[in-house]
Each structure stands twice: as structure tokens, then as C-alpha cells.
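# Tertiary structure, described
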Amino acid sequence: MLIVEDEPYMAEAIRDGLRLEAIAADIAGDGDTALQLLSVNAYDIAVLDRDIPGPSGDEVARRIVTSGTGMPILMLTAADRLDDKASGFGLGADDYLTKPFELRELVLRLRALDRRRVHSRPPVREIGGLRLDPFRREVYRDGRYVALTRKQFAVLEVLVAAEGGVISAEELLERAWDENADPFTNAVRITVSALRKRLGEPWLIATVPGVGYRIHAASGGGCEGGARG
């Protein structure tokens, strides 16, 4: 998701808190940066402060609405009068949370917005004997519950959504981490390796040498490139 907040400490605190919930987020400290990021990245949700430098949060909201993407908008602002809320919803906001706020409430609201989004995929995915429920945060392999860390779940969710297609390590880093992740880190390889072990044999995640990773559509198939990370 995209966090548009001009107070650096606030923005970083929100991003770090969302990371603990396996939610990757980019930060924009002003309207121009927000519009630039929106033009090159596909975000699930935008969290907007209304009073920011450059194009205001209201203008960013207008641009999102007119783009026709259907991206949900949560306004996170100190403007707490009823008239402020009414104007925010009038601009196209889907939710409105005033400062100060509890991070847990923000996460709950974001989860609710995500559930209400119009998805092109079903809420529960099944592939190769694997069943992943993104809203209950549950994974089953051939009927067996698999306990995963938040980051392992985020990586698996991206792989499952590809429906057997190959996802590069760079794309996994971008979608399951955030834009500040070190591009030279081995976090993806380590996480995929640990995820394989959690899911158990026969290995479900294949390494496509020099390309990336994919999930076998047929349960029990062998892995290209073996089970190496």
C-alpha cells in the first residue's frame, strides 16, 4: 500500500507497524511524490494525510478516483470535524481515521477495506493440494494446517496468486517487502527455503534457475532446479 504522510517519524512508524502485519508499504512525503509513485506502481490501498506539501491529499484522492482503478482510500488526518469527514467522503474516501490513533485500529480498517475490494481472484485459492485463505491468514497442505510466519505467508500469497507462473526474486522482494528493501539481500532465498520446509515434501515450490520461483499446479511434482533456494 501507499502511505502519504509528510511527518517522517509518523510515516516510518506506520510502515514499520504494518511490516509486522506482513503488509508492505511505500512512503510519500508530499503530493508530487505520491502521484509519481501511483503512476508507476499498483497499490492495493492508499492511506492519505490531507495536509501535505505540493498537491494536497484531497487532490491525490481526486486523481485516484478519476483514474478508475477502484483503489480504496483511507484518509488519516488530524482534521476531525464532522464537516471535514463529510468532505473527505465526498472526495471519494472509503474510510476516515483521525489522529491520534491506535495502529491496531488502522490495521483492522485496512483489512476491512481489503476484504471489500473488488477482486479478480477468489478470496480462497487452491493449487497443487495447497489451500490459502488470505483473510483468515490460514494455509493448509493436503488438509494439514501449516503454521507460517507473516513474511512466509506474504511470499506464499504472491506465488499462489501467480497460479503456477514464475515470479522473480526481485518481484517477490518488491511485493512482499517494500521499496526500501536491499535489492542485494538474500532474504527472498532464505524465506523461500524456510517456506519449502514448512510446507513439507514433496516440494511444492520450484526454483526456475536464473528466473525465479513458481508453485507446481500438480501436487507431488518434482522441482525444476531441485529444492535449492
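In this text the structure is predicted, and so the values were computed from the model without any measurement.

What counts and what doesn't
- Residues numbered from 1 in each chain as written.
- Predicted model: local features only at pLDDT ≥ 70, side-chain atom pairs only at ≥ 80, totals over all residues.
- Heavy atoms only, no water.
- Pairing = 2+ DSSP bridges.
- Helix = DSSP H or I, 4+ residues; strand = E, 2+ residues; numbered from the N terminus.
- Buried < 20%, exposed > 50% of the residue type's maximum accessible area, 1.4 Å probe, protein only.
- Polar contact = N/O pair within 3.5 Å; in protein donor to acceptor, adjacent residues only side chain to side chain.
- Core = buried A, V, L, I, M, F, W, Y, C linked by side-chain atoms within 4.5 Å.
- Contact = heavy atoms within 4.5 Å.
- Axes fitted to C-alpha atoms, helices over the stretch in contact; angles between N-to-C directions.
- Parallel < 35°, antiparallel > 145°, perpendicular 65-115°, else oblique.
- Left-handed = near helix turned anticlockwise from the far one by under 90°.
- Nonpolar A, V, L, I, M, F, W, Y, C, P; charged D, E, K, R; others polar.
- 1 Å grid on protein atoms, 1.4 Å probe; cavity = no way out; pocket = protein on both sides within 12 Å on 5 of 7 lines; lining within 4 Å.
- Points joined across faces, edges and corners; volume = space filled by probe spheres on them.

### Overview of the sheet that holds strand β9 (residues 144-145)
Strand order in the open sheet formed by 4 strands is β6-β7-β8-β9, with antiparallel pairing between adjacent strands. Only two strands of the sheet have a single partner each, and these edge strands are β6 (125-127) and β9.

### Details of the environment of A112
Inspection of the secondary structure assignment puts A112 in helix α5 (residues 103-116). For A112, a relative accessible area of 19% corresponds to the buried category. Spatially, the C-alpha atom of A112 lies 9.8 Å from that of D95, the residues being 17 residues apart in sequence.

### Here we look at the side chain of T77
Mapping T77 onto the fold places it in strand β4 (residues 73-77). Here A79 takes part through its backbone nitrogen, which lies 3.1 Å from a polar atom of the side chain of T77.

### Some thoughts on the nonpolar core
Ranked by size, the top nonpolar core spans 27 residues in total, and within it L156, L172, L199 and I215 carry the most contacts. Among the secondary structure elements, those contributing two or more residues to this core are β7 (130-133), α6 (150-161), α7 (169-176), α8 (187-199) and β11 (212-215). When residues of this core are assigned to their parent elements, the largest contribution, 7 residues, is made by α6. Residue contacts for L172: discarding those within four places in its chain leaves V155, V158, L159, I167, W177, V188, V192 and Y213. Residues L35, L37, A46 and M71 belong to the second largest nonpolar core, which totals 20 residues.

### Some remarks on the environment of F89
Relative to the helices and strands, F89 resides in helix α4 (residues 82-91). For F89, a relative accessible area of 41% puts it in the partly exposed group. What F89 contacts, discounting residues up to four positions off in sequence, is D94, D95 and Y96.

### Looking at the packing of helix α2 (residues 31-40) against helix α3 (residues 57-67)
Running from N to C, α2 and α3 point in directions that differ by 15 degrees, and their axes come no closer than 10 Å. Between α2 and α3, the angle falls in the class roughly parallel. In this structure, α2 crosses over α3, and the sense of that crossing is right-handed. Residues G31, A34, L35 and L38 of α2 pack against V60, R63 and I64 of α3. For the contact of α2 with α3, the per-class residue count stands at 5 nonpolar, 1 polar and 1 charged.

### A closer look at the layout of surface pockets
Which parts of space are left empty comes out when a probe the size of a water molecule is rolled across the atoms. Counted as a void, the second largest pocket has a volume near 160 Å³. Counting only elements with at least two residues in the lining of the second largest pocket, the list comes to β8 (138-141) and α6. Of the residues that constitute the lining of the second largest pocket, the class distribution is 5 nonpolar, 1 polar and 5 charged.

### So, the sheet that holds β4
Strand order in the open sheet made by the 5 strands is β2-β1-β3-β4-β5, with parallel pairing throughout. One side of each edge strand has no neighbouring strand; the edge strands of this open sheet are β2 (26-28) and β5 (95-98). Each adjacent strand pair in this sheet contributes to an overall mean axis angle of 20 degrees, direction not counted. In this structure, strand β3 (residues 46-48) lies alongside β4, joined through 3 bridges in parallel fashion. Counterpart to V47 in the pairing with β4 is L74. Along the sheet, α4 makes contact with β4 and β5, crossing β5 at roughly 145 degrees. On the sheet, α5 packs against β3, β4 and β5 and is oriented at approximately 175 degrees with respect to β5.

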